[in-house]
Amino acid sequence: GAVVSQHPSWVICKSGTSVKIECRSLDFQATTMFWYRQFPKQSLMLMATSNEGSKATYEQGVEKDKFLINHASLTLSTLTVTSAHPEDSSFYICSARATGTIDNEQFFGPGTRLTVL
Amino acid sequence: AQSVTQPDIHITVSEGASLELRCNYSYGATPYLFWYVQSPGQGLQLLLKYFSGDTLVQGIKGFEAEFKRSQSSFNLRKPSVHWSDAAEYFCAVGAPGNDMRFGAGTRLTVKP
């Protein structure tokens, strides 16, 4: 149980285009989902917290207009990287916290590798 | 605010040797503590977690961790390392109702 999927697993795009990444909780409902960014050989940096039906909360320094997050249902959150540039190339990982959980455990997706040319 | 420190960036051990990965946290109350493992290009897999009860926690793949409040530590241990354990290990801390913060990670290399 507690499986989180991400789609696509990797994407290559041209500079200036937008890319949408999906995060789905497959067998549980997730009121809260998180988006992380991970640079090579570095730790996960929290970008934003998204709660179903409300606006995402962005971490300091993360541009909300560049990284659009939508959490329209209890099983789906999307991250759209708008007008992507080479510096946006990174590994993006989402996680989901099951509704009603008490121990803050997050279940992680397999990640999406974004390369912007 | 909670924070996590993993003092060792890279550790190399021989196969069959014991392993201890260090993790220190900063938080006002007892946090929820986690250890995750990440293989190259993959997502994170939970090894074990602690949020109350017995301070020695058993996880998957033969790993265990001990919560020591007096030292603000949650070190990960394994008595005998296998070559397949080579990966990046992350310690994380979370507070009730809050998000999770990760340490910088420790890369484990296993020598044959």
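None of these values were measured; they are calculated from a predicted model.

Draft legend 1. Fine view of the layout of surface pockets. Empty space within the largest pocket amounts to approximately 500 Å³. Taken together, 21 residues line the largest pocket, and the ones lying closest to its centre are P40(A), K41(A), Q42(A), E88(B) and R107(B). Of the residues forming the lining of the largest pocket, the biggest block, 3 residues, is contributed by strand 10 (residues 87–94) of chain B. A breakdown of the residues in the lining of the largest pocket according to their chemical character gives 9 nonpolar, 8 polar and 4 charged. A volume near 290 Å³ is recorded for the second largest pocket. For the lining of the second largest pocket, the element with the highest residue contribution is strand 5 (residues 44–51) of chain A, accounting for 4 residues.

Draft legend 2. Here's a closer look at the interface of chain B and chain A. Each partner contributes residues to the interface: chain B has 23 residues there, and chain A has 21 residues. With both chains or domains summed, chain B and chain A bury close to 1,600 Å², and 51% of this area falls on carbon and sulfur atoms. In this structure, the connection of chain B to chain A is made through 1 salt bridge. Residue E59(A) pairs with R101(B) through a salt bridge whose shortest N-O separation is 3.1 Å. Between chain B and chain A we count 5 residue pairs in polar contact (both at pLDDT 80 or more) in total. Looking at the side of chain B that touches chain A, the elements with two or more residues in it are strand 5 (32–38), strand 6 (44–50), strand 10 and strand 11 (100–102) of chain B. Residue contributions to the side of chain B that touches chain A peak at 4 residues, all from strand 5 of chain B.

Draft legend 3. View of the state of the cysteines. For the structure shown, the criterion picks out 2 disulfides over all chains. Between the sulfur atoms of C23(A) and its disulfide partner C94(A) the distance amounts to 2.0 Å. Judged by the sign of its S-S torsion, about 80 degrees, the cystine formed by C23(A) and C94(A) is right-handed. Of this pair, C23(A) sits in strand 3 (residues 19–25) while C94(A) sits in strand 9 (residues 90–98), and the two are 71 residues apart along the sequence. Put simply, C23(B) and C91(B) are joined by a disulfide, and their sulfur atoms are 1.9 Å apart. Handedness here is read from the sign of the S-S torsion; for C23(B) and C91(B), about -65 degrees, the answer is left-handed. Taken together, the residues C23(B) in the loop between strand 3 (19–21) and strand 4 (24–26) and C91(B) in strand 10 connect sequence positions 68 residues apart. Considered together, C23(B) and C91(B) belong to a single accessibility category, that of buried residues. The thiol sulfur of C13(A) is not disulfide-bonded, and the nearest other cysteine sulfur, from C94(A), lies at 18 Å. Residue C13(A) is classed as buried on the basis of its relative accessible area of 10%.

Draft legend 4. Expanded view of the nonpolar core. Residues and elements named next belong to chain B. In this structure, W35, L48, F74, L76 and Y89 are the most contacted members of the largest nonpolar core, which totals 26 residues. The set of elements that each furnish at least two residues to this core consists of strand 2 (10–14), strand 3, strand 5, strand 6, strand 8 (64–68), strand 9 (73–78), strand 10 and strand 12 (106–111). Broken down by element, the residue count for this core peaks at 4 residues, all from strand 10. With residues near it in sequence (within four places) discarded, L48 still touches L33, F34, W35, V57, Q58, G59, F63, E64, A65, F74 and L76.

Draft legend 5. Quick look at the confidence of the model for chain B. Summary statistics for chain B give a mean pLDDT of 91 and a share of 97% for residues scoring 70 or more. Element-level pLDDT for chain B is lowest in strand 11 of chain B, with a mean of 87, against a maximum mean of 98 in strand 3 of chain B.

Rules of the game
- Residues numbered from 1 in each chain as written.
- Chains lettered and ligands numbered in written order.
- Predicted model: local features only at pLDDT ≥ 70, side-chain atom pairs only at ≥ 80, totals over all residues.
- Heavy atoms only, no water.
- 1 Å grid on protein atoms, 1.4 Å probe; cavity = no way out; pocket = protein on both sides within 12 Å on 5 of 7 lines; lining within 4 Å.
- Points joined across faces, edges and corners; volume = space filled by probe spheres on them.
- Helix = DSSP H or I, 4+ residues; strand = E, 2+ residues; numbered from the N terminus.
- Nonpolar A, V, L, I, M, F, W, Y, C, P; charged D, E, K, R; others polar.
- Contact = heavy atoms within 4.5 Å.
- Buried area = accessible area lost by both parts, 1.4 Å probe.
- Salt bridge = Lys/Arg side-chain N within 4 Å of Asp/Glu carboxyl O.
- Polar contact = N/O pair within 3.5 Å; in protein donor to acceptor, adjacent residues only side chain to side chain.
- Disulfide = S-S within 2.5 Å.
- Buried < 20%, exposed > 50% of the residue type's maximum accessible area, 1.4 Å probe, protein only.
- Core = buried A, V, L, I, M, F, W, Y, C linked by side-chain atoms within 4.5 Å.
- pLDDT = per-residue confidence, 0-100.

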